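Architecture and fold: a report
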Amino acid sequence: MRRVRFLPVAVLALALLGALASSAAAKTVWLCKPGRAGDACDVSLNTTLLSPTGKKLGVRHIKRPRKPKFDCFYVYPTVSDQKTAAANFDIDPELRSIALYQAARYTSECRVYAPVYRQNTLASLLGQVQATPEQRAYAYADVRSAWRDYLRNYNHGRGVALIGHSQGTFVLRRLIAKEIDSKPRVRRRLISALLLGGNVLVKKGRDVGGDFKHVPACRARSQTGCVVAFSTYGETPPSNAIFGRTGEPGKEVLCTNPAALGGGSAKITPIQPREPFAPGTTIAGAIGLVGVPQPDVSTAWGESPNAYRARCSSAGGTSALVISPLLGAPVFHFSPDATWGLHLVDANIALGDQLALVRHQAAVWRRAH
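The structure reproduced in this document is the subject of the present report.

What follows is about the state of the cysteines. Applying the stated rule across the entire model yields 4 disulfides. The residue that forms a disulfide with Cys32 is Cys41, at a sulfur-sulfur distance of 2.1 Å. With the S-S bond torsion at 70°, the cross-link from Cys32 to Cys41 turns out right-handed. Each member of the pair, Cys32 as well as Cys41, carries the same accessibility label: buried. Sulfur-sulfur distance for the disulfide between Cys72 and Cys110 comes to 2.1 Å. Looking along the S-S bond of the Cys72-Cys110 disulfide, the torsion reads about -110°, which is the left-handed sense. A residue pair is termed long-range when its members are at least 10 positions apart, and Cys72 in strand E4 (residues 71-75) and Cys110 in the loop between helix H2 (93-102) and strand E5 (111-115) qualify at 38 residues. Exposure class is identical for Cys72 and Cys110. Each is buried. Sequence-ordered numbering of the disulfide-bonded cysteines in the chain gives the connectivity 1-2, 3-4, 5-6, 7-8.

Pairing is mixed across the open sheet formed by 4 strands, whose spatial order is E3-E2-E14-E13. The open sheet is flanked by strand E3 (56-60) and strand E13 (271-273), the only strands paired with a single partner. If you compare each strand with its neighbour and ignore which way they point, the axes differ by 25° on average. Relative to E3, strand E2 (residues 47-50) is paired through 4 bridges, and the arrangement is antiparallel. Bridging across to E3, Leu50 finds its partner in Lys56.

Turning our attention to unusual backbone geometry. For the bond running from Ser335 to Pro336, omega is 0°, close enough to zero to count as cis. By secondary structure assignment, the location of Pro336 is in the loop between strand E16 (320-325) and helix H8 (351-368). Positive phi outside glycine occurs at Leu327, with the angle close to 50°. Tracing the chain through its elements places Leu327 in the loop between E16 and H8.

This brings us to the sheet that holds strand E15 (residues 308-313). Here we have 4 strands laid out as an open sheet, ordered E10-E16-E15-E12, and mixed in their pairing. The sheet terminates laterally at strand E10 (232-233) and strand E12 (265-268), the two strands that pair on one side only. The pairing of E10 with E16 spans 2 bridges and is parallel. Bridge pairing links Tyr233 to Val322 in E16.

About the criteria used
- Residues numbered from 1 in each chain as written.
- Predicted model: local features only at pLDDT ≥ 70, side-chain atom pairs only at ≥ 80, totals over all residues.
- Heavy atoms only, no water.
- Disulfide = S-S within 2.5 Å.
- Buried < 20%, exposed > 50% of the residue type's maximum accessible area, 1.4 Å probe, protein only.
- Helix = DSSP H or I, 4+ residues; strand = E, 2+ residues; numbered from the N terminus.
- Pairing = 2+ DSSP bridges.
- Axes fitted to C-alpha atoms, helices over the stretch in contact; angles between N-to-C directions.

What follows is the structure in structure tokens.
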């Protein structure tokens, strides 16, 4: 008779606990998700139109569509003030603020899904604590899990636009390469990807061949399945700029002006929430150094049509969106230093143009599908 070996009860218990822990980790914590109570993106969309100098010109009453025609998947930048190297899944005030600043306005066009992920914190970025290789891997693993959760349970074949900034863009670059670019069925659902402040790479003189083999740069408003990418500077970037430069041979950082995808300069429209960024946080202090004024309005948002001019520039070997104020618009200051440029305004400086672009691309995508 063959002997049957039994695992000790303690081993079985540990195995069960491990399975339960794995199951719990796989469950997505949503910062923004349609219909979720306390959704950080569920805010008023009413907007006061302002001149470049802040004079009130009128109010736009914006209603969120009852049945948005497409989805947006948003991954936020480095904002966590937790003192560990990797954040946990708590929805801290800075997460709610960044969702308001960078993602909430997209609910005028799409259903916004934004997962909480164990990002490398500001303490890690500033060298106050050291992240282990395991901790550095959390961010991508969490976002990939959330993306698969979204595709499996919520997408239902709908078109989707991806939106990321800074650490969020670095995570999405990898996600697109592994989960979208190489999978034609998933790639067909991509309306576009807005990958800001994260050094998207292409082959020199080409629109693909760096991070992605099949997903190209957006070069026309009616193009879909493509990438918009830029980092913002208020002047020619320094030779040691953090954004817009790469040391990879044969590669360059992509810059696409959302208001002039075909090239050249164009006026852009910033949109800013009235509510200040979470007071007392590191990012709130950094925004103050940039000199971004809070709109003095009674609505939730202030919008300054055509307050800046923007162009993609490769001067000095740095590929960046260089902006200049028009008609008395505020002059922004780099923060924390010149190498970072205007990194903290990337998501809002041309938000009006990004919304219009995604709206148009989504309409084109729907007609084609």
